[in-house]
Each structure stands twice: as C-alpha cells, then as structure tokens.
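Understanding the architecture of this molecule
The residues making up each chain are set out below.
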Amino acid sequence: MTATPHLALRPATPDDLAALCQLELDCFEGDRFSRRQLAHLLNRANAVTWLAVAEEGALRGYGTLLFRRNSRTARLYSFCVHPEARGWGVGRRLLEKLEQEAIERDMLKLSLEVRADNRVAMGLYRRMGFLPRRWLDDYYIDGCAAWQMDKPLAVEASDQIADAPVPSLG
C-alpha cells in the first residue's frame, strides 16, 4: 500500500482559475462549471473556495461555500476530489475546513445537493453528519435526481464562556 501524499489546504485565489477549470474537466462529465462561472465564484460571489494541493503543486480537490445575506445557512455549492486522490481523505479534510469556515462566519447550518446516484459522495456526507432532507426530481441536466442534505453546525460557546463565573483556584 502506498503512503498518502501530503496535502495542504489553502484558500483559492483568482490565480487558481486554470487549475480549477482543469479539475472540473477531470471530475465531471456534465453539470460542470464553466470558466466564467468559476471566475465569478473566485472574484465576485459572496463565497469562499478552499483547495487541497499536493506537495508537487497539483490540485487534488476543492470546495466552495456560498453565503447569502441575512441567512445563517451556508451552501456547499461545489465540491470535488480528483479521481487519482479519492480514498486519501481529501474530501473529509476539505469538508472539515469548510465547516470550520462556516462556523467562523456564525453560520448555523450547512446545506448541499448531491446526485442520487453518487453513493460515494452520499456516504461521505452522511459520515460527516449530513442528513437527507428532500428529494429533488430531475435536478441535474442529464435528468438525475438529487438529495438535498443539511447539517446543523455547533454553536460557538465563546460568548457563554466569557460570561461564565470564574472558578476559584484556592
């Protein structure tokens, strides 16, 4: 068994556009983002994109969260792991980072849509605490249905800690 390569997680920048476009081509047959859509996510959308990058610089995965004004729900808008990197824990690490990002922005819930025929992704999302909430018929361009899933986020206790009485040490 080969060792899992070291991966770094970092926020995406506009300079990552070409690599993101290539990753979309490598990962999706249809329903992939165009260069223009990815550029919008990187430059103009109320969104954050995190990348998983291998030591040699190859992009191995990414995830994008969208935030809506006056909403405490973050939407996992795009998420993919390069086929060669599947089974390395890339998806789990990216989801953990995106969840942390959502909590830091005071979000209370994460939501997503996933192809009904993508059992691997469904399994990952379930292991990470997402639950199916709604069936969406004919959701994808090829007619495949989707599950809408969500996950409640841990409420930060920092405000409660600041107001808590300090125990005596004596």
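Heads up: the structure comes first, above all this text.
The sections below set out a description of the structure shown in this document. Only a predicted model underlies this, so the values are computations on that prediction, with no experimental measurement involved. (Residues numbered from 1 in each chain as written. Predicted model: local features only at pLDDT ≥ 70, side-chain atom pairs only at ≥ 80, totals over all residues. Heavy atoms only, no water.)

What to know about unusual backbone geometry
- Of note, the phi angle at Asn 70 is positive, near 65 degrees, even though the residue is not glycine.
- Turning to its location among the elements, Asn 70 is positioned in the loop between β3 (59-67) and β4 (73-81).
- With a phi close to 65 degrees, Asp 106 is a non-glycine residue in the positive phi region. (Helix = DSSP H or I, 4+ residues; strand = E, 2+ residues; numbered from the N terminus.)

A look at the nonpolar core
- In terms of nonpolar packing, the biggest core is built from 30 residues, with Leu 65, Leu 76, Phe 79 and Tyr 125 touching the most fellow members.
- If you list the elements that add at least two residues to this core, you get β2 (47-54), β3, β4, α3 (90-104), β5 (109-115) and α4 (119-127).
- With six residues, α3 is the largest single contributor of residues to this core.
- Beyond its immediate sequence surroundings of up to four residues, Leu 76 is in contact with Thr 64, Leu 65, Leu 95, Leu 98, Ser 111, Leu 112 and Tyr 125.
- Membership of the second largest hydrophobic core comes to 18 residues, among which are Cys 27, Leu 41, Leu 42 and Val 53. (Core = buried A, V, L, I, M, F, W, Y, C linked by side-chain atoms within 4.5 Å. Buried < 20%, exposed > 50% of the residue type's maximum accessible area, 1.4 Å probe, protein only. Contact = heavy atoms within 4.5 Å.)

Re the packing of aromatic side chains
- Applying the stated criterion across every chain, the model contains five aromatic pairs.
- Taken together, a centroid distance of 5.1 Å and an interplanar angle of 75 degrees make the contact between Trp 135 and Trp 147 edge-to-face. Here the residue Trp 135 occupies a position in strand β6 (residues 131-136), and Trp 147 occupies one in strand β7 (residues 146-152), the gap between them amounting to twelve residues.
- Consider the rings of Tyr 139 and Tyr 140, whose centres lie 5.0 Å apart with planes at 80 degrees: the pair is edge-to-face.
- Each member of the aromatic cluster is reached from another via a ring pair, and the members are Phe 79, Tyr 125 and Phe 130. (Phe/Tyr/Trp six-rings, centres within 6.5 Å; stacked < 30°, edge-to-face > 60°.)

Considering the side chain of Arg 60
- Among the structural elements, Arg 60 can be located in strand β3.
- With near-sequence residues (within four places) excluded, Arg 60 lies in contact with Leu 7, Ala 52, Ala 54, Cys 80, Val 81, His 82, Glu 84, Ala 85, Trp 88 and Val 90.

Observations regarding the pairing of β7
- As paired strands, β5 and β7 are joined by seven bridges and run antiparallel to one another. Residue pairing in the sheet places Glu 113 in a bridge with Gln 148 of β7. (Pairing = 2+ DSSP bridges.)

Things to note about the sheet that holds β2
- Taken in spatial order, the seven strands line up as β1-β2-β3-β4-β5-β7-β6 in an open sheet, and their pairing is mixed. For this open sheet the edge positions go to β1 (7-11) and β6, each flanked by a neighbour on one side alone. The mean angle between the axes of side-by-side strands here comes to 25 degrees, regardless of whether they run parallel or antiparallel.
- Sheet topology places β3 next to β4; seven bridges connect them, and they run antiparallel. Following the sheet pairing, Gly 63 is matched in β4 by Phe 79.
- Lying on the sheet, helix α2 (residues 35-43) is in contact with β2, β3 and β4; it crosses β3 at an angle near 65 degrees. (Axes fitted to C-alpha atoms, helices over the stretch in contact; angles between N-to-C directions.)

Some words on the layout of surface pockets
- Volume-wise, the largest pocket comes out at about 1,200 Å³.
- As for the largest pocket, its lining consists of 39 residues, of which Phe 28, Phe 79, Asn 118, Ala 121 and Tyr 125 are closest to the centre.
- Counting only elements with at least two residues in the lining of the largest pocket, the list comes to α1 (17-27), β4, α3, β5 and α4.
- With seven residues, the top contributor of residues to the lining of the largest pocket is β4.
- Partitioning the lining of the largest pocket into residue classes produces 21 nonpolar, seven polar and eleven charged.
- Space inside the second largest pocket adds up to approximately 160 Å³.
- Lining the second largest pocket, in full, are Leu 66, Arg 68, Ser 71, Thr 73, Arg 75, Ser 111, Glu 113 and Gln 148.
- Mapped by element, the contributors of at least two residues to the lining of the second largest pocket are β4 and β5. (1 Å grid on protein atoms, 1.4 Å probe; cavity = no way out; pocket = protein on both sides within 12 Å on 5 of 7 lines; lining within 4 Å. Points joined across faces, edges and corners; volume = space filled by probe spheres on them. Nonpolar A, V, L, I, M, F, W, Y, C, P; charged D, E, K, R; others polar.)

Just geometry here; none of it tells us what the structure is for.
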